[in-house]
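# Structural overview for review
These are the residues of each chain, in order.
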Amino acid sequence: MSETANQKRDVDGDTAIDRHLEREYEAGWVTDIESDTLPPGLDEDVVRFISAKKNEPEWMTEWRLEAYRHWLTMDHPKWAHVHYPKIDFNSISYFSAPRSQEDRPKSLDEVDPELLRTYEKLGIPLHEQEMLAGVAVDAVFDSVSVATTFRSKLAESGVIFCSISEALQDYPELVRKYMGSIVPYRDNYFAALNSAVFSDGSFVYIPEGVRCPMELSTYFRINAENTGQFERTLIIAEEGSHVSYLEGCTAPQRDENQLHAAVVELVAHKNAKIKYSTVQNWYPGDSEGRGGIYNFVTKRGLCAGERSHISWTQVETGSAITWKYPSVILRGDDSVGEFYSVALARGRQQADTGTKMIHLGKNTRSTIISKGISAVRAENSYRGLVRISPSADGARNFTQCDSLLIGDRCGAHTFPYIESRNPTATVEHEATTSKVSDDQLFLCRQRGLDPEKAVSMIVNGFCKDVFRELPMEFAVEAGKLLEISLEGAVG
Amino acid sequence: MLKISNLHVTIAGETILNGLDLEIAAGEVHAIMGPNGSGKSTLAAVLSGREGYEVTEGSIEYFGEDLTALEPEERAWRGVFLAFQYPVEIPGVTNMEFLRASVDALRAHRGEAATSAVDFMKLARATCKQVGLDTDFLKRGVNEGFSGGEKKRNELLQMLLLEPKLAVLDETDSGLDIDALGVVADGVNTLRSAERAIILITHYQRLLNHIVPDRVHVLSGGRIIRSGGKELALELEEKGYGWLTEAAA
């Protein structure tokens, strides 16, 4: 937030000293608590502290508290096909300021060489490597100026793209109207927790009839740092508008916080289209699965208006545990929901992911293409719900779930739930499970491809239907990412 | 080019090749014939480095190098090519990207630059025509949904593009109609050159009407029991294998 605030003041012509003074002032004004980091533990005071730190309106504080109180009445969900030790929510710190420059690595020489090798293979430019690895860089102004250019272009077309914290200050009514309307805090255990303690996230508003002039990427949003743990994203597409949003990064991201519980809400009004693409590559832990990120995410979109369209595309390769079901509620007549997913689990990773398509409107259509890849000792599950309600005359769904196994100690599971309460609906489900066979591998090697190149080629072929849905540059990176992720999975 | 001496090979403890000797010089075409279970396909597998075959005795020298010490891809880089008896499918990987990756892998080993997309496309299309495959096959997944004959033509396509030094064709003629057989034979004949050696593993003499071999060998019980010129194949066609295997037993 502070950088953005600074940037605004830059426009007003204020000096660096002014900014410094204001920052001191802000810190003193926001709260009477001196510390920037809370000790581990969660209670109502912690929730109030977070809200106060962010200078939130009172309704927001109250909403967080209601969410917290509701969370206390809930039980940790047990239905997913994942296993992990019980999470001690009181051992987590729910607010910490970004790491200071002194605490960071001084240069890339101090960064884990393995991480650097991966960056190199992905062809990431040096200054971006520094950013990803959290190196203390002087050239912050570079990224600020890039972001500024980016923002002014968006502002011309009336698009709002900022952090949730900023939106709460600048567009509180929009946030109040939509936040929690798609994913209420009562929805599930992790959504309730997120609602109580969310740190920050992105806010996007596309006005009526506007086609967003560029793909919005979290990468370009400054302040993205340290919002990862309990991130909250809200995207609103007004009538006839169009937006493509990219989340995440192909480069492996490290984070000291093991538990991640994000919430994403999308609203598409009449004739609007939202395309949401994710590449998730959080640290999966070591070969025994120690230290990896637990990623419990609630993502849901509402096709509110007629002929609205929401499309989720995800490539999931990271995290020790992935628990994630991007969903679409198809309320508007003739609205369209899509889910394209590649989930790769290797080592000791566990992924339980899929989608929910809730058909309410007439002639609503949904497509689900899920590709699960398991290697070494990983467990990969697809879990999907297709619900056709009595009002959804002429609704159609097509589901295709394919699993690919590499090696013989990994597992693939499919849990499809189909509830059709309308006789005019059509629901199709296709599922396959296959193995990267010795014969395929041998054919590739006989033609001169080394085993790793061969496996990555076979896996990329398997994922083709999903990669096609990704924005071009993302698709190329995703292919490379799979290749790197599969290194050492063969043999 | 290739010198196989006293080769013994077992699969899961069972002896399949039992003292096989074979020497092939550059420029030669050798046909290997023999009854079912005589070890013909095992020979192809061992030459190309398939897993699960254990060389217990003897040696395979290829340009003076111990071939058995090399990984399958290392053999491919050195010009060893196997046309598969049963080509597998690789769904979603287009023939085009597969072919180009193979060609570039071999070029990289020779220290040559990768092919340009446009040049390779032209070459691949022309080669498709040569083997009688519609160029649409380049866009399809490797062998995905191909008929038996199309798969064999696709093997030939790969062979022509990779320009091997030692090509081993494992029953490439089986299951082909007369027209397809002619196409395969023409393809193999265009590859014939002074620098190349070709091993044809086949059950049928008819292939050898189209590709005239320099030598014909009869494999039985894991070793070569008779070698001769092209006329040996005709003799086998007439008499079958019985007179040879009984004599050898």
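Details of the structure are given in the entry above.
The model shown is predicted, which means the values in this text are computed figures rather than measured ones.

### Looking at the sheet that holds strand β13 (residues 336-345) of chain A
All names here are of chain A.
- Spatial ordering of the open sheet is given by β3-β5-β8-β10-β13-β15-β17-β19, a layout of eight strands whose pairing is parallel. Unpaired on one side and paired on the other, β3 (216-217) and β19 (426-435) mark the two borders of the sheet.
- In this structure, strand β8 (residues 273-280) lies alongside strand β10 (residues 309-316), joined through eight bridges in parallel fashion. The partner of S277 across the bridge, within β10, is T313.

### Here's the deal with the interface of chain A and chain B
- At the junction of the two partners, chain A supplies 17 residues and chain B supplies 31 residues.
- Carbon and sulfur atoms supply 62% of the area that chain A and chain B bury against each other, a total of about 2000 Å² over both sides.
- Between the two partners, chain A and chain B, sit six salt bridges.
- As a salt-bridge pair, D439 of chain A and R50 of chain B come within 2.4 Å of each other at their nearest N and O atoms.
- The interface formed by chain A and chain B includes 12 residue pairs in polar contact (both at pLDDT 80 or more).
- Breaking the side of chain A that touches chain B down by element, the ones donating at least two residues are α11 (438-446) and α12 (451-467) of chain A.
- Counting residues per element, the side of chain A that touches chain B draws most heavily on α11 of chain A, at seven residues.
- Of the residues belonging to the side of chain A that touches chain B, the class tally is eight nonpolar, four polar and five charged.

### A short note on the nonpolar core
- In this structure, I373 and V459 of chain A together with L2, I4, L47, F98 and I199 of chain B are the most contacted members of the largest nonpolar core, which totals 66 residues.
- For L47 of chain B, the residues in contact, after removing those within four places along its chain, are L2, I4, I60, L67, R75, V80, V168 and I199 of chain B.
- Core analysis: the next-biggest nonpolar cluster, separate from the first, contains 57 residues, L42, F95, A192 and L193 of chain A among them.

### As for the packing of aromatic side chains
Residues and elements named next belong to chain A.
- As enumerated under the stated definition, the model contains 23 aromatic pairs over all chains in all.
- Between W63 and Y185, the ring centres sit 5.8 Å apart and the planes meet at 70°, which makes this aromatic pair edge-to-face. Residue W63 is found in helix α4 (residues 58-72), and its partner Y185 is found in the loop between α9 (172-178) and α10 (189-197); the two are separated by 122 residues along the sequence. Each member of the pair, W63 as well as Y185, is classed as buried.
- Centre to centre, the rings of Y84 and Y294 are 5.4 Å apart; their planes meet at 55°, and the pair counts as tilted. Taken together, the residues span a long stretch of sequence, with Y84 in the loop between α4 and α5 (113-121) and Y294 in strand β9 (residues 294-303) at a distance of 210 residues.
- Classification of Y294 as buried rests on a relative accessible area of 11%.

### Digging into the pattern of salt bridges
Residues and elements named next belong to chain A.
- Scanning all chains against the criterion turns up 29 salt bridges over all chains.
- A salt bridge links R48 to E44, with the shortest nitrogen-to-oxygen separation between them at 3.7 Å. Residue R48 and its partner E44 are located together in helix α3 (residues 44-53), separated by four residues, close to a single helical turn.
- A salt bridge links E419 to R421, with the nearest nitrogen and oxygen atoms 3.8 Å apart.
- In the salt-bridge network here, residues are joined through shared partners; they are E44, D45, R48 and R69.

### Observations regarding the sheet that holds strand β12 (residues 223-228) of chain B
All names here are of chain B.
- Strand order across the open sheet formed by six strands is β6-β9-β10-β3-β11-β12, with mixed pairing between neighbours. Each edge of the sheet is formed by a strand with only one pairing partner; in this case those strands are β6 (80-83) and β12. On average, each strand axis in the sheet is tilted by 20° relative to the strand beside it, whichever way the strands run.
- Two strands pair when backbone bridges link them, and strand β9 (residues 166-170) and strand β10 (residues 197-201) are joined in this way by five bridges, in the parallel orientation. Paired with D170 across the strands is I201, a residue of β10.
- On top of the sheet, helix α1 (residues 40-48) reaches β3 (29-33), β6, β9, β10 and β11 (215-220); it is set at about 145° to β9, its chief contact.

### Describing the side chain of N422 of chain A
Residues and elements named next belong to chain A.
- Looking at the element boundaries, N422 is found in the loop between β18 (411-420) and β19.
- Under the relative-accessibility criterion, N422 is labelled buried at 5%.
- Here T424 takes part through its side chain, which lies 2.6 Å from a polar atom of the side chain of N422.
- Leave out the neighbours within four places in its chain, and N422 touches I388, S389, P390, S391, A392 and D393.

### Side note on the environment of G285 of chain A
All names here are of chain A.
- Along the chain, G285 falls in the loop between β8 and β9.
- On the basis of relative accessibility, which here comes to 14%, the residue G285 falls in the buried class.
- Separated by 64 residues in sequence, G285 and Q349 have C-alpha atoms that sit 8.2 Å apart.

### Things to note about the environment of T42 of chain B
Residues and elements named next belong to chain B.
- Its location among the elements puts T42 in helix α1.
- For the pair T42 and V9, spaced 33 residues apart in sequence, the C-alpha separation works out to 8.2 Å.
- When near neighbours in sequence (up to four residues on either side) are disregarded, T42 contacts V9, I11, I16, L17 and Y53.

### Considerations on the packing of helix α3 (residues 95-109) of chain B against helix α4 (residues 117-130) of chain B
All names here are of chain B.
- Look at α3 against α4: their axes get within 11 Å of each other, and the N-to-C directions meet at 110°. Considered as vectors, α3 and α4 are oriented roughly perpendicular to each other. In this structure, α3 crosses over α4, and the sense of that crossing is right-handed. Contacts between α3 and α4 involve M96, L99, R100 and V103 from the former and A117, F120, M121 and A124 from the latter.

### Considering the packing of helix α5 (residues 148-162) of chain B against helix α6 (residues 178-191) of chain B
Residues and elements named next belong to chain B.
- Their axes nearest at 10 Å, the elements α5 and α6 cross at an angle of 10°. What the angle tells us is that α5 and α6 run roughly parallel. Contact residues: α5 offers R153, L156, M159 and L160, while α6 offers A180, V183, V184, G187, V188, T190 and L191.
- Looking at the contact of α5 with α6 residue by residue, the classes come out as eight nonpolar, two polar and one charged.

### A closer look at the pairing of strand β4 (residues 53-62) of chain B
All names here are of chain B.
- By the bridge criterion, eight bridges tie strand β1 (residues 2-11) to β4 in an arrangement that is antiparallel. Its bridge partner lying in β4, K3 is registered against E61.
- Where β4 meets strand β5 (residues 65-66), two bridges bridge the pair, whose relative direction is antiparallel. Bridge pairing in β5 places Y62 opposite E65.
- Hairpin connection of β4 to β5: two residues between the antiparallel strands, including F63 at a positive phi of 50°.

### Thoughts on α3 of chain B
Residues and elements named next belong to chain B.
- An ideal rise of 1.5 Å per residue puts 21 Å on 15 residues; α3 measures up with 21 Å between its terminal C-alpha atoms.
- Inspection of α3 places N95, M96, F98, L99, A101, S102, V103, D104, A105 and L106 among the buried residues, and these make up the whole buried set.
- Residue G111 follows α3 closely and has a positive phi angle near 75°.

### A short note on unusual backbone geometry
All names here are of chain A.
- The phi torsion at R307 lies on the positive side, around 55°, for a residue other than glycine.
- Tracing the backbone shows R307 in the loop between β9 and β10.
- When its relative accessible area of 41% is taken as the criterion, R307 is described as partly exposed.
- Here V376, not a glycine, exhibits a phi torsion of approximately 60°, which is positive.
- Here V376 lies in the loop between β15 (365-375) and β16 (379-388).

The rules behind these values
- Residues numbered from 1 in each chain as written.
- Chains lettered and ligands numbered in written order.
- Predicted model: local features only at pLDDT ≥ 70, side-chain atom pairs only at ≥ 80, totals over all residues.
- Heavy atoms only, no water.
- Pairing = 2+ DSSP bridges.
- Helix = DSSP H or I, 4+ residues; strand = E, 2+ residues; numbered from the N terminus.
- Contact = heavy atoms within 4.5 Å.
- Buried area = accessible area lost by both parts, 1.4 Å probe.
- Salt bridge = Lys/Arg side-chain N within 4 Å of Asp/Glu carboxyl O.
- Polar contact = N/O pair within 3.5 Å; in protein donor to acceptor, adjacent residues only side chain to side chain.
- Nonpolar A, V, L, I, M, F, W, Y, C, P; charged D, E, K, R; others polar.
- Core = buried A, V, L, I, M, F, W, Y, C linked by side-chain atoms within 4.5 Å.
- Buried < 20%, exposed > 50% of the residue type's maximum accessible area, 1.4 Å probe, protein only.
- Phe/Tyr/Trp six-rings, centres within 6.5 Å; stacked < 30°, edge-to-face > 60°.
- Axes fitted to C-alpha atoms, helices over the stretch in contact; angles between N-to-C directions.
- Parallel < 35°, antiparallel > 145°, perpendicular 65-115°, else oblique.
- Left-handed = near helix turned anticlockwise from the far one by under 90°.
- Expected span 1.5 Å × (residues − 1).

Purely geometric stuff here, so don't read any function into it on its own.
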